[in-house]
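Coordinates in review
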Amino acid sequence: MSGPNTEYDPVQVTPLDEEHVAAVRDEALAAIAGATDLAALKQVRTDHAGDRSPLALANREIGALPPQARKDAGRRVGQARGAVNQAFAKRQAELEVEAEERMLVEETVDVTLPWDRTPRGSRHPITTLSERIADVFVAMGWEVAEGPVIEAERLNFDDLNIGPDHPARTMQDTFWTDPGDDAMVLRTHTSPVQARTMLTRTPPIYVVCPGRVFRTDEYDATHSPVFHQVEGLAIDEGISMAHLKGTLDHFATAMFGEGITTRFRPSYFPFTEPSAEVDLVCFVCRGSRVVDGAECRTCRGEGWIEWGGCGVVNPRVLRACGVDSERYSGFAFGMGIDRTLMFRHAIADLRDLFEGDVRFTTAFGSEL
Ligand code: DAH
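First things first, this report covers the structure right here in the doc.

Overview of the overall build of the protein chain
A tally of helices and strands in the protein chain yields twelve helices and twelve strands. In terms of C-alpha radius of gyration, the protein chain reaches 46 Å, well past the compact-globule figure of 21 Å for 368 residues. The C-alpha extent of the protein chain, read off along each of the three principal axes, is 145 × 55 × 40 Å. Each of the 368 residues in the protein chain was classed as buried or not, and the buried ones make up 40%. Pairs at least 24 apart in sequence give 67% of the contacts found in the protein chain among residues at least 6 apart. Accessible surface computed for the protein chain: about 21000 Å², of which carbon and sulfur atoms make up 51%.

Okay, here's the thing in structure tokens:
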């Protein structure tokens, strides 16, 4: 039996060959330097420093060498592996910094970009103005009343002293929903809310009712089958036309500012006596009746625009609605909200209010 041959120092196996180790080390260093992101570097690490990499294989061979050769080869492979690991650590750190910088750039939120890529809608200016009008009266201690838009014929007409044969019935072109004995109509004005209020409450009464009304009108720049009115009703002891005038002057100032020119024009309504129509000076020609040498189209050369009707409540209406007309008197008014809006914002075409174009309503969206 012979012992191990300690004399024999074989020619080194290829994986441990000096040139080979240098070559695989350089290859690894080049691959590390060439890795442009962390994912690529990870792959390079597997290929060049993983368990099956040439340097790992070389390392494994070392144990099989005789002592003399083992030392040299160990140093060679160890140095190569050290150089590769150092290069890895350095590249890893560089790429991490790069990745972070890239993330900061790519994920930056530009706070100056437009924020309304999904724009929010806005409330319709008629709604906003109706509330503003109600506020003017609530501030004076009035209450807001409501009534249905599909109304009994009796409340829309009869109780307001507009009997079946009264010519005033034809003044308001009516949508009938249910003809017959208990006929129903789309209310032609907000005045039936007066009757409803008097029938259900006892004086003193101070109410306003903004709401939608309907008439079979043509649809054009100044008419629409659907429009809006605000009704007002005050019933108390000693109420006179003077209170009406003072209230409407305050209302007009609240809507159009100090210096607004209004006029009362004697008129007729079956439910008021005396009655008046209230006009605003035309917001286009400012009362001059002429625009660019031609008759003002907005007021049709009148110089005035009708705002609504008003008067002292007819005692017949008070009695029909169960109010003691000996003790109480009252005033009432019904103003056009659409006209109020058009006047306030110089809107020349009423149809803009009804066509639902958000470009129109958005302009009013920021109004509080
Ligand atoms: N209801 C009337 C109309 O639509 C307006 C009106 C006039 C209302 C006089 C009133 C009033 O309350 O007193 O033409």
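Past the structure itself, the notes keep going.
Here's the deal with the pattern of salt bridges
Scanning the model with the defined rule gives 16 salt bridges in all. Notably, a salt bridge pairs aspartate 26 with arginine 25, separated by 3.1 Å at the nearest N-O pair. Judged by relative accessible area, arginine 25 falls into the partly exposed class, the value being 28%. Residue aspartate 349 is joined to arginine 351 by a salt bridge in which the shortest nitrogen-to-oxygen separation is 3.0 Å. A relative accessible area of 27% places arginine 351 in the partly exposed class. Through salt bridges with shared partners, one network takes in Arg263, Arg265, Glu277 and Asp279.

Examining the pairing of strand β12 (residues 329-336)
With eight of eight residues buried, β12 lies mostly within the body of the structure. Covered by surrounding structure in β12 are Ser329, Phe331, Phe333 and Met335 together with Gly330, Ala332, Gly334 and Gly336, the residues of both alternating faces. In this structure, strand β11 (residues 304-313) lies alongside β12, joined through five bridges in antiparallel fashion. Within β12, the residue paired with glycine 311 across the bridge is alanine 332.

Describing the side chain of serine 275
One can find serine 275 in strand β8 (residues 272-281). Reaching out from serine 275, the side chain makes a polar contact with the backbone nitrogen of phenylalanine 269 at a distance of 3.2 Å. A distance of 2.6 Å separates the side chain of serine 275 from the side chain of threonine 272, its partner in a polar contact. When sequence neighbours within four positions are dropped, the list of residues in contact with serine 275 reads Arg265, Pro266, Ser267, Tyr268, Phe269, Cys310 and Gly311.

A word on the pairing of β11
Side-chain positions along a regular strand alternate between the two faces of the sheet. In terms of burial, β11 is largely enclosed, as eight of its ten residues are buried. As judged from the eight bridges shared by β8 and β11, these two strands associate in the antiparallel manner. Bridging from a neighbouring strand, glutamate 277 pairs with glycine 309 of β11.

Quick word on the site of the ligand
Near the ligand lie 16 residues; those nearest to it are His189, Gln194, Arg215, Gln229 and Glu231. Separating an oxygen atom of the ligand from a side-chain N or O atom of glutamine 194 is a distance of 2.8 Å. Between an oxygen atom of the ligand and a main-chain N or O atom of phenylalanine 333, the distance comes to 3.3 Å. Against a free-state accessible area of 350 Å², the protein chains account for coverage of 93% of the ligand. When the residues that make up the shell around the ligand are grouped by side-chain class, the tally is five nonpolar, nine polar and two charged.

Some points on the nonpolar core
Grouped together as the largest cluster of nonpolar side chains are 40 residues, with contacts concentrated most on Phe251, Trp307 and Phe333. Among the elements of the structure, α5 (125-138), β6 (226-236), α9 (241-256), β8, β11, β12 and α11 (337-345) are those that each provide at least two residues to this core. Of all the elements, α9 adds the most residues to this core, at six residues. When neighbours within four sequence positions are excluded, phenylalanine 251 is seen to be in contact with Ile133, Phe137, Val230, Trp307, Phe333 and Met335. Membership of the second largest hydrophobic core comes to 23 residues, among which are Leu155, Cys209, Leu233 and Ala332.

Calculation rules
Residues numbered from 1 in each chain as written. Predicted model: local features only at pLDDT ≥ 70, side-chain atom pairs only at ≥ 80, totals over all residues. Heavy atoms only, no water. Helix = DSSP H or I, 4+ residues; strand = E, 2+ residues; numbered from the N terminus. Rg over C-alpha atoms; globule rule 2.2 N^0.38 Å. Buried < 20%, exposed > 50% of the residue type's maximum accessible area, 1.4 Å probe, protein only. Contact = heavy atoms within 4.5 Å. Areas by Shrake-Rupley, 256 points an atom, 1.4 Å probe, with all protein chains shown as cover. Salt bridge = Lys/Arg side-chain N within 4 Å of Asp/Glu carboxyl O. Pairing = 2+ DSSP bridges. Polar contact = N/O pair within 3.5 Å; in protein donor to acceptor, adjacent residues only side chain to side chain. Near = heavy atom within 4 Å. Nonpolar A, V, L, I, M, F, W, Y, C, P; charged D, E, K, R; others polar. Core = buried A, V, L, I, M, F, W, Y, C linked by side-chain atoms within 4.5 Å.

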